[in-house]
Amino acid sequence: MHVMDGFVESEPLAKARSYEEHMEAFIDLADRPCFHLSSYVGWMNDPNGFSYYKGEYHLFYQYSPYKTTWAPMHWGHAVSKDLLTWRNLPCALAPDMPYDEYNGCFSGSAIELPDGQLLLMYTGAGANGKRKDGSPRECQTQCLAVGDGVNFQKYEGNPVIDASSLPEGSSSEHFRDPKIWREEDGTYWAALANLGPDKSGQIVLYRSEDAFSWQFDRVLSRNRGRYGIMWECPDLFKLDGKDVLLLSPQDMLPEGHEFYSGNGTLCIVGHLDQQSGELVEETVSSIDHGIDFYATQTLLTPDGRRVMVAWMQNWDATAGLMRARSWFGQMATPRELSVRNGRLYQWPIRELEGLRMNQIVHNGITVDENPIALEGVCGRVVDLLVDIRPEDEGDLYKEFVIWFAQDSRFHSSVRYRPAHGSLEVSRIHAGSRRAYVHHRKCNVPGAPAKLSLRLVLDKYSVEVFANDGIRAMSMTIPTEVTADAITFSCKGRAVLDVEKYDLAKSVDA
Ligand code: FRU
């Protein structure tokens, strides 16, 4: 079927699009996050192709429309003017070529070409040869598709990068997730994740004059067995005078309260070595210290903000989840990034404040061990700001807790212990019947006695930001939205200032 000049909808793409049309009637918006993008139908993982194009933000995502578990990947697609109110567009890519039809169109990114078209650069997960057990061996190559913001034609020269251009011994099975950008001199660059000759992750850079013909440039950063094994989803950018590399390692080992086992996230703040071009690491930390946060991707907004999105989920938890809904997977709230004193700070995009309504303020509230509710402070789609300080500077409280998504049976919590500076999120009692991770701790640098917390709730998730965003912790919660109480308690005595807003979808975005 011809949809636009030169664009032919393949059978797998046409099938996905007509399935979406058919499912539209069954989509219950009331049962979805309000301002977090969730999969249209079926399964969502990584954000892809996060870009600003023809006056709108485009956010694509790893997508399996027909079921709520991972299956050969399509690219789902949505657009927004404020990064919070999303309009779904038809499925953008489907596995339909020899180089991507084995496991699908894996993660990638997007950029506007000088001729006004939008270029998608993604990993084709094809197959090449067989493993010892006879199963096909996956072969990952980098591919392009060009389009008008709705329909994308795969490039006839695909794949444009394969593993033969990598340093000897690098893997062709683990070579993925191109993040493309353009330098001021007009050259295109792409950062890619790869398993290096030492069987440990490495980030490699490619360069191109025209975005179609690519040359290997250099290895930017090497894991050397330190942070997990394979690295995924790299993103490299300059911010506040530093070079910042974000990535998502697989198979992490725990380290204090900074890193946990499983899939994690990593922020390397450093500078590019003048001679080798390698990234010299100054600080290395988790990006988000909560439970559900992976596969970040950033863009630069037209007004110059570096904004990050991520999949608000954790791979190891996805297998055990009960899927009562027709969708699975949502993105984290887009966050504005900054670097101060070598550390990454993140804060919900300022557009979120445009969704605030029904302001409630309570100042100077003393809290002790008896949990208290404050008039008007409840809800599941909420922006909650809480400043906590000891009642008596000489008598530090032991532990302060915000309980939320609460009813007589269920609750989740955020807990702060100033003596250790430890901040903990817990969903132990949120209603999960599965035995995956239900709580996480991190340290707030400086262990301040005075702490400012911001909780962003959107039905089935909470994102916690501490002290200006020096720490962020994200977690999904399964609790029914009728559990909407919020209460406060303290071992010892603390004084609170509380500001609370309901958040509503903007109508004119
Ligand atoms: C990260 C990831 C990517 C890959 C995609 C496949 O979550 O494993 O490396 O491109 O998911 O869906």
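See above for the structure.
Here's what I pulled together on the structure shown here. (Residues numbered from 1 in each chain as written. Predicted model: local features only at pLDDT ≥ 70, side-chain atom pairs only at ≥ 80, totals over all residues. Heavy atoms only, no water.)

Here we look at the overall build of the protein chain
Phase 1 of the analysis: Per the secondary structure count, the protein chain includes two helices and 34 strands.
Phase 2 of the analysis: For 509 residues, the compact-globule formula gives about 23 Å, and the C-alpha radius of gyration of the protein chain, at 23 Å, lands near that figure.
Phase 3 of the analysis: Overall size of the protein chain, expressed as C-alpha extent along the three principal axes, is 70 × 55 × 50 Å.
Phase 4 of the analysis: The 509 residues of the protein chain split such that 60% are buried.
Phase 5 of the analysis: Approximately 20400 Å² of the protein chain is accessible, and the part contributed by carbon and sulfur atoms is 49%.
Phase 6 of the analysis: Between the centroid of the 51 positive side chains of the protein chain and the centroid of its 70 negative side chains there is a distance of 5 Å. (Helix = DSSP H or I, 4+ residues; strand = E, 2+ residues; numbered from the N terminus. Rg over C-alpha atoms; globule rule 2.2 N^0.38 Å. Buried < 20%, exposed > 50% of the residue type's maximum accessible area, 1.4 Å probe, protein only. Areas by Shrake-Rupley, 256 points an atom, 1.4 Å probe, with all protein chains shown as cover. Lys, Arg positive; Asp, Glu negative; His and termini not counted. Charge placed at Lys NZ, Arg CZ, Asp CG, Glu CD.)

A short note on unusual backbone geometry
Phase 1 of the analysis: Note that the residue after Asn158, namely Pro159, is joined by a cis bond; omega there is -10 degrees.
Phase 2 of the analysis: You can see Pro159 is positioned in the loop between β10 (152-154) and β11 (175-182).
Phase 3 of the analysis: Backbone geometry at Lys199 places phi at a positive 60 degrees, although glycine is not the residue there.
Phase 4 of the analysis: Looking at where Lys199 falls in the secondary structure, it is placed in the loop between β12 (188-195) and β13 (201-208).
Phase 5 of the analysis: Located in the positive-phi region is Ala211, a residue other than glycine, with phi close to 75 degrees.
Phase 6 of the analysis: Mapped onto the elements, Ala211 comes out in the loop between β13 and β14 (214-222).
Phase 7 of the analysis: When its relative accessible area of 0% is taken as the criterion, Ala211 is described as buried.

Remarks on the sheet that holds strand β17 (residues 266-272)
Backbone-to-backbone hydrogen bonds join strands into a sheet, with any given pair of strands oriented parallel or antiparallel.
Phase 1 of the analysis: Taken together, four strands build an open sheet; the order of strands is β15-β16-β17-β18 and the sheet is antiparallel. Unpaired on one side and paired on the other, β15 (231-239) and β18 (279-285) mark the two borders of the sheet. Sheet twist, expressed as the mean angle between neighbouring strand axes with direction ignored, is 25 degrees.
Phase 2 of the analysis: Looking at chain direction, β15 and strand β16 (residues 242-249) are connected through seven bridges and run antiparallel. Within β16, the residue paired with Glu232 across the bridge is Ser248. (Pairing = 2+ DSSP bridges. Axes fitted to C-alpha atoms, helices over the stretch in contact; angles between N-to-C directions.)

A look at the packing of aromatic side chains
Aromatic ring pairs are reported here in terms of the distance separating the ring centres and the angle at which the planes meet.
Phase 1 of the analysis: Within this structure, the stated rule accounts for 17 aromatic pairs.
Phase 2 of the analysis: Here the aromatic cluster, defined as three or more aromatic residues joined through ring pairs, consists of Trp43, Trp311, Trp315 and Phe328.
Phase 3 of the analysis: One residue, Arg325, lies across the ring of Tyr460, its end atom 4.2 Å from the ring centre. (Phe/Tyr/Trp six-rings, centres within 6.5 Å; stacked < 30°, edge-to-face > 60°. Lys NZ or Arg CZ within 6 Å of the ring centre and 35° of its normal.)

Considerations on the site of the ligand
Phase 1 of the analysis: As a matter of local geometry, the ligand sits amid Asn45, Asp46, Gln62, Trp70, Met73, Phe106, Ser107, Arg176, Asp177, Glu232, Tyr294 and Trp315.
Phase 2 of the analysis: One of the side-chain nitrogen or oxygen atoms of Arg176 is found 2.9 Å away from an oxygen atom of the ligand.
Phase 3 of the analysis: Burial of the ligand by the protein chains amounts to 95% of its free accessible area of 320 Å².
Phase 4 of the analysis: Of all the secondary structure elements, the ones that give two or more residues to the shell around the ligand are β3 (42-53), β7 (104-112) and β11.
Phase 5 of the analysis: Of the residues in the shell around the ligand, the class split is five nonpolar, three polar and four charged. (Near = heavy atom within 4 Å. Polar contact = N/O pair within 3.5 Å; in protein donor to acceptor, adjacent residues only side chain to side chain. Nonpolar A, V, L, I, M, F, W, Y, C, P; charged D, E, K, R; others polar.)

Thoughts on the sheet that holds strand β33 (residues 485-491)
Phase 1 of the analysis: Judged by pairing direction, the sheet is antiparallel, and its five strands sit side by side in the order β29-β28-β27-β26-β33 without closing on themselves. Each of the sheet's edge strands pairs with one partner strand only, and the pair in question is β29 (439-443) and β33. Recorded for the sheet is a direction-independent mean angle of 15 degrees between the axes of neighbouring strands.

Thoughts on the nonpolar core
Phase 1 of the analysis: Counting residues in each nonpolar core, the largest one holds 43 residues, and the members touching the most others are Phe35 and Leu37.
Phase 2 of the analysis: For this core, the secondary-structure elements that each account for two or more residues are α1 (11-23), β3, β4 (56-64), β6 (86-93), β19 (294-300) and β20 (306-311).
Phase 3 of the analysis: By residue number, the principal contributor to this core is β4, which donates four residues.
Phase 4 of the analysis: Each of two domains, domain 1 (11-348) and domain 2 (352-503), supplies a minimum of three residues to this core.
Phase 5 of the analysis: When near neighbours in sequence (up to four residues on either side) are disregarded, Phe35 contacts Leu83, Leu84, Trp86, Thr333, Leu352, Leu355, Val381, Val456, Leu457, Asp458 and Leu503.
Phase 6 of the analysis: Grouped together as the second largest cluster of nonpolar side chains are 39 residues, Val377, Val414, Leu457 and Ala494 included. (Core = buried A, V, L, I, M, F, W, Y, C linked by side-chain atoms within 4.5 Å. Domains from an automatic or database assignment. Contact = heavy atoms within 4.5 Å.)

Concerning the pattern of salt bridges
Phase 1 of the analysis: A complete count under the given rule lists 35 salt bridges for this structure.
Phase 2 of the analysis: Put simply, Glu173 and Arg137 hold a salt bridge, and the shortest N to O gap is 2.9 Å. Residue Glu173 is located in the loop between β10 and β11, and its partner Arg137 is located in strand β9 (residues 136-147); the two are separated by 36 residues in the primary sequence.
Phase 3 of the analysis: For Glu173, a relative accessible area of 16% translates into the label buried.
Phase 4 of the analysis: Note that Glu258 is salt-bridged to Arg471, the shortest N-O span being 3.7 Å. Residue Glu258 is found in the loop between β16 and β17, and its partner Arg471 is found in strand β32 (residues 471-476); the two are separated by 213 residues along the sequence.
Phase 5 of the analysis: The class for Arg471 is buried, based on a relative accessible area of 10%.
Phase 6 of the analysis: Each member of the salt-bridge network shares a partner with another, and the members are Asp303, Arg305, Glu336, Arg350 and Glu351. (Salt bridge = Lys/Arg side-chain N within 4 Å of Asp/Glu carboxyl O.)

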